[in-house]
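Chain by chain, the residues:
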Amino acid sequence: PDVFVDKIGKEYYVRLNNDGIPQLRISGYYHKLLKDSIDQNVKEVIRENLNRAQLLIRGISQRHTTIFRVMEKIVEKQKDFFDNGVQYLKPMILKDVADELELHPSTISRVTSSKYAHTPRGIFELKFFFSRAVPQSNADLMPLSSVAFHYMISEVIKEESGGRPYSDADICAKLEEKFGIKVLRRTLSKHRTEMGLLSAARRADM
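These lines cover the structure that appears in this document, whether it is placed above or below. (Residues numbered from 1 in each chain as written. Predicted model: local features only at pLDDT ≥ 70, side-chain atom pairs only at ≥ 80, totals over all residues. Heavy atoms only, no water.)

1. Focus: the overall build of the protein chain
Then step 1. For the protein chain, the count of helices and strands is nine helices and six strands.
Then step 2. Relative to the 2.2 N^0.38 estimate, which gives 17 Å for 206 residues, the radius of gyration of the protein chain is 25 Å and therefore markedly larger than a compact globule would have.
Then step 3. With the C-alpha coordinates of the protein chain rotated into their principal frame, the extents come out at 85 × 40 × 30 Å.
Then step 4. Counting only residues that meet the buried cut, the protein chain has 32% of its 206 residues in that class.
Then step 5. Long-range contacts, defined here as pairs at least 24 residues apart, represent 56% of the contacts in the protein chain between residues at least 6 apart.
Then step 6. In the structure as shown, the protein chain presents an accessible area of about 12900 Å², 50% of it carried by carbon and sulfur atoms.
Then step 7. In the protein chain, 33 positive and 27 negative side-chain charges are present, and the distance between their average locations comes to 3 Å. (Helix = DSSP H or I, 4+ residues; strand = E, 2+ residues; numbered from the N terminus. Rg over C-alpha atoms; globule rule 2.2 N^0.38 Å. Buried < 20%, exposed > 50% of the residue type's maximum accessible area, 1.4 Å probe, protein only. Contact = heavy atoms within 4.5 Å. Areas by Shrake-Rupley, 256 points an atom, 1.4 Å probe, with all protein chains shown as cover. Lys, Arg positive; Asp, Glu negative; His and termini not counted. Charge placed at Lys NZ, Arg CZ, Asp CG, Glu CD.)

Following this line, the structure appears as structure tokens:
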């Protein structure tokens, strides 16, 4: 993992995983060579490459700092998930974090791509914490995270008896009973299809 999320008491703390990552530095030999050389062409080549090396080191350091800041913001916004589990994951898009950190969404996308966090709930790709909102049937109710919604659907499907799969209307009723959420049947059908789950009639034939 690129970052760790540790729970101490009731609070969560983020730390970078720096184990095994060498600390980059520029050898003093090149600074001395730049100072002692009398050949201006040699000086120019050394100076140019020293500048490039310094930019690289600063860029890597800034990248690590950005990952740390993004993970801190994820923990802040998704504390309910860390406390209670997947069904409590909130809808959140890259722009939500980008705006608060005053960064471009593309920067957030780059630093979360193929980066992993070791948390008290397991190891997750940072992209996992970002998902679109799923509206509930009652506009007064909070939207759901699509990740959380898919998890809830899977949990309901697991309860099906052999040969007697739930219809979409059944699943909606079970979701309200089990998780206290209210969604339209067409919303359920759309997300069931996205998950690769067949209709009740086709699941019964399997």
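2. Description of helix 2 (residues 40-77)
Then step 1. The end-to-end C-alpha distance of helix 2 is 55 Å, a good match for the 56 Å that 38 residues give at a rise of 1.5 Å each.
Then step 2. What helix 2 keeps buried is the set Lys43, Ile46, Leu50, Thr66, Ile67, Val70, Met71, Lys73, Ile74 and Val75. (Expected span 1.5 Å × (residues − 1).)

3. A look at the nonpolar core
Then step 1. Core analysis: the largest hydrophobic core is formed by 38 residues, its most contacted members being Met71, Ile74, Phe82, Phe129, Phe149, Leu175 and Leu188.
Then step 2. Residue assignment for this core shows that the elements contributing at least two residues are strand 1 (3-8), strand 2 (11-16), helix 2, helix 3 (79-84), helix 4 (94-101), helix 5 (105-112), helix 6 (146-157) and helix 7 (168-179).
Then step 3. When residues no more than four places from it in sequence are discounted, the contact partners of Leu188 are Phe149, Ile153, Asp168, Ile171, Cys172, Leu175 and Val183. (Core = buried A, V, L, I, M, F, W, Y, C linked by side-chain atoms within 4.5 Å.)

4. Digging into the sheet that holds strand 3 (residues 116-119)
Then step 1. Taken in spatial order, the four strands of this open sheet run 2-1-3-4, and their pairing is mixed. The sheet is open, and its two edges are formed by strand 2 and strand 4 (122-125), each paired on a single side. The mean angle between the axes of side-by-side strands here comes to 25°, regardless of whether they run parallel or antiparallel.
Then step 2. As defined by bridge partners, strand 3 adjoins strand 4 across four bridges and the pair is classed as antiparallel. (Pairing = 2+ DSSP bridges. Axes fitted to C-alpha atoms, helices over the stretch in contact; angles between N-to-C directions.)

5. Describing the side chain of Gln136
Then step 1. With respect to the helices and strands, Gln136 occurs in the loop between strand 5 (133-134) and strand 6 (144-145).
Then step 2. Separated by 2.7 Å, the side chain of Gln136 and the backbone oxygen of Met142 make a polar contact.
Then step 3. The residues touching Gln136, leaving out its near neighbours within four places in the chain, are Leu141, Met142, Leu144, Ile181, Lys182 and Val183. (Polar contact = N/O pair within 3.5 Å; in protein donor to acceptor, adjacent residues only side chain to side chain.)

6. A word on the packing of aromatic side chains
Describing an aromatic ring pair means giving the distance of the ring centres and the angle of the ring planes.
Then step 1. The final tally for this structure, using the stated rule, is ten aromatic pairs.
Then step 2. Three or more aromatic residues link up through ring pairs in this structure, and these residues are Tyr12, Phe81, Phe82, Phe124, Phe128 and Phe129.
Then step 3. Lying across the ring of Phe4, Arg15 places its NZ or CZ 4.3 Å from the centre. (Phe/Tyr/Trp six-rings, centres within 6.5 Å; stacked < 30°, edge-to-face > 60°. Lys NZ or Arg CZ within 6 Å of the ring centre and 35° of its normal.)

7. Here's the deal with the pattern of salt bridges
Then step 1. Enumeration over the complete set of coordinates arrives at 15 salt bridges.
Then step 2. With a closest N to O distance of 3.6 Å, Lys90 and Asp80 form a salt bridge. Taken together, the positions of Lys90 in the loop between helix 3 and helix 4 and Asp80 in helix 3 put the pair ten residues apart, joining distant regions of the chain.
Then step 3. The exposure class assigned to Lys90 is partly exposed, which follows from its relative accessible area of 38%.
Then step 4. We note a salt bridge from Lys95 to Asp99, for which the minimum N-O separation is 2.8 Å. Here Asp99 and Lys95 lie together in helix 4, a separation of four residues that amounts to about one turn.
Then step 5. What emerges from the salt-bridge pattern is a single network uniting Lys73, Glu76, Lys77 and Glu100. (Salt bridge = Lys/Arg side-chain N within 4 Å of Asp/Glu carboxyl O.)

8. Some words on helix 5
Then step 1. Along helix 5, the positions that sit buried rather than exposed are Thr107, Ile108, Val111 and Thr112. What you see down the axis of helix 5 is that its buried residues fit within an arc of 120°, all on one side.
Then step 2. Residues of helix 5 that are buried sit in contact with helix 2, helix 4 and strand 4.
Then step 3. Of the residues one or two after helix 5, Ser114 is the one with positive phi, at around 60°. (Arc of directions from axis to C-beta.)

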